[in-house]
Amino acid sequence: MIPIIKFVVRNSNYVSWSSSSVTANGAKVLWPSTLTVSFCTNNNDSEKKPSVKKTSKAMKAYLERARKHEEFIKKENLEYQIGKRHLANMMGEDPEFFTQEDVNKAIEYLFPSGLFEPKARPFMKPPEEVYPPQKAAEFDEAGRPYHFLFYTGKANFYKLLYEVVENINNLNKYEDRMIRKHLTPDPTQAMSMIGSQWLPQDVLEHRLVEPLHESQYAAFKLAFDRLVSHPYSYRVRDFIEEYRKPLVNQVALQQIPEPQYDENGRPYVTTTNCLRKRSWAEVTVRGAGSGKISINGQGLDYFAEIQSREQILFPLIMTKQLKNVDVEAKVIGGGPSGQAGAIRWGIAFCLRSFVDKEMIEQMRLAGLLTRDYRKPERKKPGQAGKRKKFTWKKR
Amino acid sequence: MTLFILRSLGSRARTAISEFSYECSRRSRLSTKPNVREEGLKSETDIETYLDPLKHPDYFKVHELFTISDLFEARVHYGHKIGSLNEYMKPYIFGSRQDHLIFDLDITARHLRQALNFTAHIAYQGGIILFISRNAQMAHTVETTALDCKEFAHTRYWRGGIFTNSQCIFGATTRLPDLCIFLNTLNNILTQHTAVVEAAKMNIPSVGIVDTNCNPLLLTYPVPGNDDTPCAIELYCKLFKEAILRGKEHRQKDIDQ
């Protein structure tokens, strides 16, 4: 029940006031006067009305809840830290340098789970990651909100947009000053948006602790794009980077195997399970070679078609390793196209160990390192083939 | 002396003050402020120190904040075209020139003084003041004004029920604003801002700048004037901010005593 004030037009006398503003011990209490309901009576005696206590109780209950949540999180954090140290001791590791990854491995070791879903398996994480973030008390005891945009319902989000506009205005003023001094923006400092993207919606929601509609997320991106497009946007680089997520270089993530050495001291790399359509291949690339290619014991003429032969030579030509390496391939199953594709991927995958990072990136961009997972589609009953239907008859 | 001042004012000023401010009576406001009635005037010369703000016609001296020429410079007198005139705005119009309506700045000044006085009183009582505007161009200015005087602002899409259904919107019993200041009362040319109606429903007093195409009826303290030109809106923001800060200053002074 929302408390309301009755605004009564009276000629001279005032309204009886339902709460005293001085507590029993004489301490000053500034009651939120607009929260209480005033009753119109003719006498000046103050009467204690139960409705006053109800509203402040609700407020107090809210503040109490917020405080309890904070305490709860603190307690959980303490328990987590202590538990982590115990775990480190159990595993015989140094508690000071026990990272979250070590914790995960330890839990996996101590509590082996046969469950398929990773989220259903036992875990031990800091409470911030487990319990959804809640906003702290949003208003004080008098009921006055802390945030100036509280009544919008999404205070943090609209504060962010406000800050963006504030930055744009400041940059405009700066630009005016620079123009008056006949100066131009520094092109070397210009912000590059390549290699990163705006924070995804769920991450932004988590950070702001507010659910966002799609239109609001679009407004967020629009505002920031506008800010970035300003010629002096590099002056607020830190602010922008906070809401930018770097796109991870996939090649940098992969672990490229070191070549092994055989009796002759030649380096070699073997890749098994090279799959393409119905073919399976195992490819070995030996360094310090002269360009010999052997497929199932035969040379390149294993393949009758020129296209298949070109497919196999392509990674070697592109990396300029044609005369430097020897290729040995075992392949079974499928047809010429599938077998050639499998060997091609195998060669490219092995060549990563013989070539520098730039060339690996070029191979990736050329599509040599992408596993082609397409499998032949099955024939369906009631149809002539995968997609071909039987002759349609009108009647 | 006070009686003389009060009698010299018209009935309008007296009712304007007594209507709302008397309800939040002295005792509830500040516990340490001496009760004038009970203790009586100590000295005839020092009236200012214990003059009851609620009885004073202009305790915060808001009439000093602006002059009519300031309003003129800020283009407050410009209205829209005759075709879009709202019938209830007719008393506030001075006339028209080349089909554009002109506000009577004497009337505007009087309304603005009342509005500023009321705002200052609300701030003096420690009330929550919410600035509302749907003008995208001036949204940032309005929000900055609210931030500067430590009050609140809402310049975004108004979710229906923020006042009438606050339990659902905010998830807990929330204290609603004690005053809504509308820098423009329209969402677009066709529709009035929902908050005008909601504030009226929840008995929250409202101050609003009403242009010639606006409906002033649901506002407690309408201020007829231009609500579109940036310099006019900046002037209003400056005036309201100043009034609020004065009210808060007096509040702090009286608390410290």
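The preceding data block contains the structure.
Everything numeric here is computed off the predicted structure, so don't read it as measured data.

**Q** What is the right way to look at the overall build of chain A in this model?
**A** A count of helical and extended segments in chain A gives 11 helices and seven strands. Burial statistics for chain A: of 395 residues in total, 35% are counted as buried. Relative to all contacts within chain A whose residues are 6 or more apart in sequence, the contacts with residues 24 or more apart total 63%. Carbon and sulfur atoms form 54% of the exposed surface of chain A, whose accessible area is close to 25500 Å².

**Q** How do you make sense of the pairing of strand β3 (residues 100-103) of chain B when you look at a structure like this?
**A** Looking along a regular strand, one sees the side chains alternate between the two faces of the sheet. Residue and element names in this part refer to chain B. Note: strand β1 (residues 78-81) against β3, two bridges, orientation antiparallel. Opposite Y78, over in β3, you have I102 as the bridge partner. Two strands pair when backbone bridges link them, and strand β2 (residues 93-97) and β3 are joined in this way by four bridges, in the antiparallel orientation. Of the residues in β3, the one forming a bridge with S96 is L101. Following β2, the chain reverses through two residues before pairing antiparallel with β3; Q98 in that reversal takes a positive phi of roughly 50°.

**Q** Help me understand the pattern of salt bridges in this model?
**A** Residue and element names in this part refer to chain A. Tallied over the full model, the rule gives 21 salt bridges over all chains. Residue R364 is joined to E361 by a salt bridge in which the shortest nitrogen-to-oxygen separation is 2.7 Å. Separated by three residues within a single helix, R364 and E361 lie in helix α11 (residues 357-366), roughly one turn from each other. Through salt bridges with shared partners, one network takes in E64, R67 and E71.

**Q** How do you make sense of the sheet that holds β3 of chain B when you look at a structure like this?
**A** Whenever strands of a sheet pair, they do so through backbone hydrogen bonds, lying parallel or antiparallel. All names here are of chain B. Read from one edge to the other, the open sheet built from three strands follows the order β1-β3-β2, with strand pairing classed as antiparallel. The open sheet terminates on both sides in strands that have one partner only, identified here as β1 and β2. Going from strand to strand, the sheet's axes swing by 30° on average, the running direction of each strand aside.

Definitions and limits used
Residues numbered from 1 in each chain as written. Chains lettered and ligands numbered in written order. Predicted model: local features only at pLDDT ≥ 70, side-chain atom pairs only at ≥ 80, totals over all residues. Heavy atoms only, no water. Helix = DSSP H or I, 4+ residues; strand = E, 2+ residues; numbered from the N terminus. Buried < 20%, exposed > 50% of the residue type's maximum accessible area, 1.4 Å probe, protein only. Contact = heavy atoms within 4.5 Å. Areas by Shrake-Rupley, 256 points an atom, 1.4 Å probe, with all protein chains shown as cover. Pairing = 2+ DSSP bridges. Salt bridge = Lys/Arg side-chain N within 4 Å of Asp/Glu carboxyl O. Axes fitted to C-alpha atoms, helices over the stretch in contact; angles between N-to-C directions.

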